[in-house]
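Summary of the model geometry
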2 protein chains.
Amino acid sequence: MSLLDASLIADVPPFRGINRENLVELLSKAKSERYEIGRTIFCQGEEAHSFFLLLDGHVRVIKVTPEGDQVIARYISNGELFGIAHALGLERYPANAVTAVDCVMLSWPGKLWGTIIEKYPTFATNTYQTVGSRLQETQNKLVEMATKRVEQRVANAILKLANQTGRKTDEGILIDFPISRQNISEMTGTTLHTVSRILSAWENKGIVKSGRKKITVTEDHQLALLAAGELYN
Amino acid sequence: MSLLDASLIADVPPFRGINRENLVELLSKAKSERYEIGRTIFCQGEEAHSFFLLLDGHVRVIKVTPEGDQVIARYISNGELFGIAHALGLERYPANAVTAVDCVMLSWPGKLWGTIIEKYPTFATNTYQTVGSRLQETQNKLVEMATKRVEQRVANAILKLANQTGRKTDEGILIDFPISRQNISEMTGTTLHTVSRILSAWENKGIVKSGRKKITVTEDHQLALLAAGELYN
């Protein structure tokens, strides 16, 4: 990475507050990589050979059960770290990571983790803050799973994606990467059949528009009411 | 805390690898506290005034939704840190903490967090490892909620408690603190009615014995098969 790139990257959350010298040094240890849509970056159970910073794109983090069921744990967006198994005290990746669109990322060798944490305490603190907020986010999702009806969970999942990645179009807010009904079911712990039934009902009411791997929120206020449980199907 | 106490505490996971001098210093900043069963240690949303190390007892960490639903996020056991909002980058507690039995704990003022982390890097690393494993644990619970039937979740919750806190008795493995059917429902995201139906069925088969706030696992192998989904009700 060149000095020019260092200026561009200084404002990415994991690098905030790091002095320029350390930043350049950290970036000199990174490799820039391109992955096409649908490619597996790493697999659950594989030795954690690298950790990553997503510069452009979206990455799905997927947990696979021993029975082969898939659950989408989260979507990684621009400027987020992922594959940070070492920060979790793990030697192996706890999930699969698959590109949801074409992606550009930086990667560092996993074996550098210890040195990096010691040498760049600000980077370490930023990373642990990331782990902390992911714990909160996962905890909240667990509470949602335990207490919300499936309609609310689906509404919430779509709203979050629209906020995280939405692009304004004439029709409404388009989720800006290919997303299938199967993906939504894997995010909300329900069946494909249920997701289809819910989306069709919302489509009839003009709340969303969905096509093959495409969802547009046409009435975000209505969707927010559904998520809050204040509007019933 | 005296020097004697320092030797007793050196083997508690958060303090592992810390040299004796630092350990004594860290402990000199702590206050020892006793809480009776059923007492609230801190509340969700309250300013994170202290963080805690549980020396003896069990603590329930409970998330409360805006609608007033309760979800038991985890049980804290001996030797575990809790209330570490600062390590999660939070200024307020993200959950309630309530004693499940009479408890003894150490507490440190929350405002010392920054200093402690800087001065005792081993303690910091140990704490972040704790946060990392809690993220894993929560993630796995989320996958379980999304993919397992309710019988499996209840079997798993009871098995975990029996492993974490179980005491051998003539009848089997007794969960060594008061636990109600309501608690189990708040751990597994189901209703009290469903938990009662499941436990009654298992009781008829001699797999568990349960009384008011008391559960004994009488056939742990059978319960493990139920958790794995290899035995059906």
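Residues numbered from 1 in each chain as written. Chains lettered and ligands numbered in written order. Predicted model: local features only at pLDDT ≥ 70, side-chain atom pairs only at ≥ 80, totals over all residues. Heavy atoms only, no water.

Quick word on the sheet that holds strand S9 (residues 166-168) of chain A
Residue and element names in this part refer to chain A. Operational definition: Strand pairing is assigned whenever DSSP detects at least two bridges linking the two strands. For helices the rule is a DSSP run of H or I covering at least 4 residues; for strands it is a run of E covering at least 2, with both sets numbered from the N terminus onward. Structural elements are reduced to axes, namely lines fitted to C-alpha atoms, with helices fitted over the stretch in contact, and the angle between N-to-C directions of any two is expressed from 0 to 180 degrees.
In space, the 4 strands of this open sheet follow the order S9-S10-S12-S11, with antiparallel pairing throughout. Each edge of the sheet is formed by a strand with only one pairing partner; in this case those strands are S9 and strand S11 (208-211). Sheet twist, expressed as the average angle between the axes of neighbouring strands with direction ignored, equals 25°. The sheet contact formed by strand S10 (residues 173-175) and strand S12 (residues 214-217) spans 2 bridges and is antiparallel. The residue of S12 that forms the bridge with Ile173 is Val217.

Things to note about the pattern of salt bridges
Our working rule: Put simply, a salt bridge is a Lys or Arg side-chain nitrogen that is within 4 Å of an Asp or Glu carboxyl oxygen. Each residue is assigned to one of three classes by its accessible area relative to the maximum for its type, calculated with a 1.4 Å probe on protein chains only: buried under 20%, partly exposed between the two thresholds, exposed over 50%.
This structure, assessed with the given rule, holds 18 salt bridges over all chains. Salt-bridge contacts for Lys209 of chain A lead to Glu171 of chain A; the nearest nitrogen and oxygen are separated by 2.8 Å. A residue pair is termed long-range when its members are at least 10 positions apart, and Lys209 of chain A in strand S11 and Glu171 of chain A in the loop between S9 and S10 qualify at 38 residues. Note on Lys209 of chain A: relative accessible area 41%, which makes it partly exposed. The partly exposed category is assigned to Glu171 of chain A, whose relative accessible area is 40%. In this structure, Arg74 of chain B and Glu137 of chain B form a salt bridge, with 3.3 Å as the shortest nitrogen-oxygen distance. Taken as a pair, Arg74 of chain B in strand S5 (residues 70-76) and Glu137 of chain B in helix H4 (residues 121-147) lie far apart in primary sequence, 63 residues in all.

Some words on the side chain of Arg60 of chain B
All names here are of chain B. For the record, the criterion: In summary, the charge assignment counts Lys and Arg as positive and Asp and Glu as negative, without counting His or the chain termini. Pairing of N or O atoms within 3.5 Å defines a polar contact, subject to two protein rules: one partner must be a possible hydrogen donor and the other a possible acceptor, and residues neighboring in sequence count only if both atoms are side-chain atoms. Contacts were defined at the residue level, with two residues in contact if any of their heavy atoms lie within 4.5 Å.
Positionally, Arg60 belongs in strand S4 (residues 59-64). In this structure Arg60 is buried but unpaired, with Glu186 as the nearest side chain of opposite charge at 6.4 Å. Separated by 2.7 Å, the side chains of Arg60 and Tyr75 make a polar contact. Excluding anything up to four places from it in sequence, Arg60 contacts Ile72, Arg74, Tyr75, Asn96, Ala97, Val98, Ala100, Phe177, Pro178, Ile179 and Asn183.

Re the interface of chain A and chain B
How big an interface is tends to be stated in terms of accessible area lost as the parts join. To be explicit about the condition: Take the accessible area each of two parts loses on contact, using a 1.4 Å probe, and add the two losses: that sum is the buried area.
Counting residues at the interface gives 32 residues for chain A, matched by 32 residues for chain B. Between chain A and chain B, roughly 2,900 Å² of surface is buried when both sides are summed, and carbon and sulfur atoms account for 69% of that area. Interface area lost by chain A to chain B is led by Tyr128, Leu135 and Leu142 of chain A, which between them contribute 19%. Taken together, the connections running from chain A to chain B amount to 2 salt bridges. Salt-bridge contacts for Lys148 of chain B lead to Glu67 of chain A; the nearest nitrogen and oxygen are separated by 3.0 Å.

What to know about the packing of helix H5 (residues 150-165) of chain A against helix H6 (residues 181-188) of chain A
Residues and elements named next belong to chain A. Quick reminder of the rule: These descriptions rest on fixed angle ranges, namely under 35 degrees for roughly parallel, over 145 for roughly antiparallel, 65 to 115 for roughly perpendicular, and the rest for oblique. Two helices cross in a left-handed way if the nearer one is turned anticlockwise from the farther one by less than a right angle. They cross in a right-handed way if the turn is clockwise.
Where H5 contacts H6, the two axes come as close as 10 Å, and the packing angle between them is 110°. Considered as vectors, H5 and H6 are oriented roughly perpendicular to each other. Judged by the twist between their axes, the crossing of H5 over H6 is right-handed. Here Arg153, Val154, Ala157, Ile158 and Leu161 of H5 lie close against H6, whose contacting residues are Ile184, Met187 and Thr188.

Comments concerning the layout of surface pockets
Put simply, the rule is: Cavity: a set of points on a 1 Å grid over the protein atoms alone where a 1.4 Å probe fits but cannot get out. Pocket: an open set with protein on both sides within 12 Å along at least five of seven lines, its lining residues, like those of a cavity, having an atom within 4 Å of a point. Grid points are joined across faces, edges and corners, and a volume is the space filled by probe spheres set on the points. Any residue outside Ala, Val, Leu, Ile, Met, Phe, Trp, Tyr, Cys, Pro, Asp, Glu, Lys and Arg is labelled polar, Gly included; the first ten of those are nonpolar and the last four are charged.
When its volume is computed, the largest pocket comes out at roughly 480 Å³. Along the walls of the largest pocket sit 20 residues, with Ile117 and Ala124 of chain A together with Ile117, Ala124 and Tyr128 of chain B positioned nearest its centre. Secondary-structure elements contributing two or more residues to the lining of the largest pocket are helix H3 (113-119) and helix H4 (121-147) of chain A together with helix H3 (113-119) and H4 of chain B. Among the residues forming the lining of the largest pocket, the class breakdown is 10 nonpolar, 8 polar and 2 charged.

Here's the deal with helix H2 (residues 20-28) of chain B
Residue and element names in this part refer to chain B. Test applied: This arc is built from the directions going out from the helix axis to the C-beta atoms.
Of all the positions in H2, only Leu23, Leu26 and Leu27 are classed as buried. Projected down its long axis, H2 carries its buried residues within an arc of 95°, all on one side. For H2, exposure combined with an orientation more than 90 degrees from the buried face picks out Glu21 and Ser28.

What to know about the UniProt feature "domain: HTH crp-type" (unreviewed entry) in chain A
To keep it simple, the criterion reads: UniProt positions are given in the numbering used here, feature names are shortened, and annotations may be inferred rather than shown by experiment.
Sites flagged by UniProt as "domain: HTH crp-type" (unreviewed entry) map to residues 148-221 of chain A. A distance of 19 Å separates the end C-alpha atoms of residues 148-221 of chain A, which is 53% helix and 19% strand.

Description of the packing of aromatic side chains
Given two aromatic rings, one states the distance between the centres and the angle between the planes to describe the pair. In plain terms, the rule: To pair, rings of Phe, Tyr and Trp, with the six-membered ring standing in for Trp, must have centres within 6.5 Å; the planes then decide the type, stacked if under 30 degrees apart, edge-to-face if over 60, and tilted in the middle.
On inspection of all chains with the given rule, the structure shows 21 aromatic pairs over all chains. Centre to centre, the rings of Phe51 of chain B and Trp113 of chain B are 5.0 Å apart; their planes meet at 90°, and the pair counts as edge-to-face. Placement of the pair is Phe51 of chain B in strand S3 (residues 50-56) and Trp113 of chain B in helix H3, with a sequence separation of 62 residues. Between Phe52 of chain B and Phe82 of chain B, the ring centres sit 5.1 Å apart and the planes meet at 15°, which makes this aromatic pair stacked. Of this pair, Phe52 of chain B sits in strand S3 while Phe82 of chain B sits in strand S6 (residues 81-82); the two residues are 30 residues apart in sequence, bridging distant segments of the chain. For the pair shown, Phe52 of chain B and Phe82 of chain B are each scored as buried. Through successive ring pairs, a cluster of aromatic residues spans Phe15, Phe51, Trp108, Trp113 and Phe123 of chain A.

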